[in-house]
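Breakdown of the fold
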Amino acid sequence: MSKTSSDVRHTSIGSSASKRKTAKPAAKVAKKARKSALLSEAEIREVFRRFHAANPEPKGELEHINPYTLLVAVVLSAQATDAGVNKATRALFKVADTPEKMLKLGEEKLRDHVKTIGLYRAKAKNVIGLSQRLIEDYDGVVPSDRDALESLPGVGRKTANVVMNIAFHQPTMAVDTHVFRVANRVGLSRGQTPLAVEEDLMHVVPKEYAMHAHHWLILHGRYVCKARKPECWRCLINDICRYPDKTPAP
Ligand code: SF4
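Residues numbered from 1 in each chain as written. Predicted model: local features only at pLDDT ≥ 70, side-chain atom pairs only at ≥ 80, totals over all residues.

1. Regarding helix H7 (residues 120–138)
Helix length check: H7, at 19 residues, gives a terminal C-alpha distance of 25 Å against a target of 27 Å (1.5 Å per residue), a fit within 8%. Of the residues making up H7, those classed as buried are Lys123, Ala124, Val127, Ile128, Leu130, Ser131 and Leu134. Seen end-on, H7 carries its buried residues on one side only, within an arc spanning 165°. Along H7, exposed side chains directed more than 90 degrees from the buried face belong to Arg121, Ala122 and Glu136. Tucked into the core, H7 has its buried residues touching helix H3 (67–76), helix H5 (99–105) and helix H6 (107–114). Immediately downstream of H7, the backbone of aspartate 139 shows phi near 55°, a positive value. (Helix = DSSP H or I, 4+ residues; strand = E, 2+ residues; numbered from the N terminus. Expected span 1.5 Å × (residues − 1). Buried ≥ 20, exposed ≤ 12 C-beta atoms within 10 Å, placed from the backbone. Arc of directions from axis to C-beta. Contact = placed C-beta atoms within 7 Å.)

2. Looking at the site of the ligand
Around the ligand sit 13 residues, and of these Cys225, Cys232, Cys235, Cys241 and Tyr243 come closest. Split by residue class, the shell around the ligand holds 9 nonpolar, 1 polar and 3 charged. (Near = placed C-beta within 6 Å. Nonpolar A, V, L, I, M, F, W, Y, C, P; charged D, E, K, R; others polar.)

3. Some points on helix H9 (residues 157–166)
A large share of H9 lies buried, amounting to 8 of its 10 residues. Taken together, the buried positions of H9 are occupied by Lys158, Thr159, Ala160, Asn161, Val162, Val163, Asn165 and Ile166. Among the structural elements, H3, helix H8 (146–150), helix H11 (194–204) and helix H12 (213–223) are those in contact with the buried residues of H9.

4. Some points on the nonpolar core
Core analysis: the largest hydrophobic core is formed by 53 residues, its most contacted members being Leu71, Val127, Val163, Val179 and Ala183. Each residue touching valine 127, except ones within four places of it in the same chain, is listed here: Val72, Val75, Met102 and Leu110. (Core = buried A, V, L, I, M, F, W, Y, C linked by C-beta atoms within 7 Å.)

5. Looking at the packing of H3 against H9
At a closest axis distance of 10 Å, the pairing of H3 and H9 adopts a crossing angle of 150°. Compared by their axis directions, H3 and H9 come out roughly antiparallel. The crossing of H3 and H9 is right-handed. Here Pro67, Leu70, Leu71, Val74 and Val75 of H3 come into contact with H9, specifically with Thr159, Val162, Val163 and Ile166. For the contact of H3 with H9, the residue count by class is 8 nonpolar, 1 polar and no charged. (Axes fitted to C-alpha atoms, helices over the stretch in contact; angles between N-to-C directions. Parallel < 35°, antiparallel > 145°, perpendicular 65-115°, else oblique. Left-handed = near helix turned anticlockwise from the far one by under 90°.)

6. Section: the environment of tryptophan 216
Relative to the assigned elements, tryptophan 216 resides in helix H12. Looking at tryptophan 216, the number of C-beta atoms within 10 Å reads 21, which means it is buried. As for tryptophan 216 and proline 58, which are separated by 158 residues in sequence, their C-alpha atoms are 6.6 Å apart. Setting aside its immediate chain neighbours within four residues, tryptophan 216 contacts Phe51, Asn55 and Pro58.

7. Notes on unusual backbone geometry
Phi angles above zero are rare outside glycine, and glutamine 79 is one such case at about 55°. Note that glutamine 79 resides in the loop between H3 and helix H4 (82–95). Phi is positive for leucine 119, close to 60°, though the residue is something other than glycine. Secondary-structure assignment places leucine 119 in the loop between H6 and H7.

8. Let's talk about the environment of valine 175
By the element assignment, valine 175 lies in the loop between H9 and helix H10 (177–186). Taking the number of C-beta atoms within 10 Å as the measure of exposure, valine 175 has 26 and is therefore buried. Separated by 23 residues in sequence, valine 175 and glutamate 198 place their C-alpha atoms 6.0 Å apart.

9. Here we look at the environment of glutamate 107
Turning to its location among the elements, glutamate 107 is positioned in helix H6. A C-alpha to C-alpha distance of 6.3 Å links glutamate 107 and alanine 124, two positions 17 residues apart in sequence. In contact with glutamate 107, not counting residues within four places along its chain, are Ala124, Lys125 and Ile128.

10. A closer look at the confidence of the model for the protein chain
Model confidence for the protein chain is summarised by a mean pLDDT of 90, while 86% of its residues fall at 70 or above. The low-confidence segment residues 1–21, where pLDDT is below 50, has 1 contact with residues more than four positions distant or belonging to other chains. (pLDDT = per-residue confidence, 0-100.)

Structure, rendered in structure tokens:
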């Protein structure tokens, strides 16, 4: 017997409903798998206990003299290495360690100082722009709150987090490429954007470790959990980390 159009419609609705029925448990299973790949509270505490034991007072590697030079160094460091920035700023900060002195130096001479750093033209422009704004709106003093910092030229969320943490001792979580990678590999977060990882970390990192957490994660990513070939054989959290493709000892 041939099917009527209503039979066909009924069959089609029935089949998509049954698909939904089977899809729901599958989505639940996937969600559960993602969750189980995350570290437990006790494991997270142990990760940071070990980082702390190995390096109780981790320091950022960008050289600076005061909050202003820190801000300038962080702006210059986007998509550049800290070592490359330090090389350029050593001489720069001798002649310009305040917004006033930076404006006196001028954009052209500033460009000369930082021309070894990637995107130096745009960065020099931003440094001059933010120095101007600091003088006009903040009496030449770097503000400590996020909104004010993020309103300055060339200053995004990550830069603000670094300055708030290092210069003003606030427990912020600056997520750069290292922190993003390490957090996802280890199982501290499954965030797909820097902001999502930042929010996860702010939520799960135990309070007593929050001040230094981003430094530990950056240094771990820079020297051990490297992007291409993580050195898992000498990693102090190897037995806790959830990364499935750990590198064997050479
Ligand atoms: S075990 Fe390997 S992947 Fe995991 S944190 Fe250590 S270096 Fe990174």
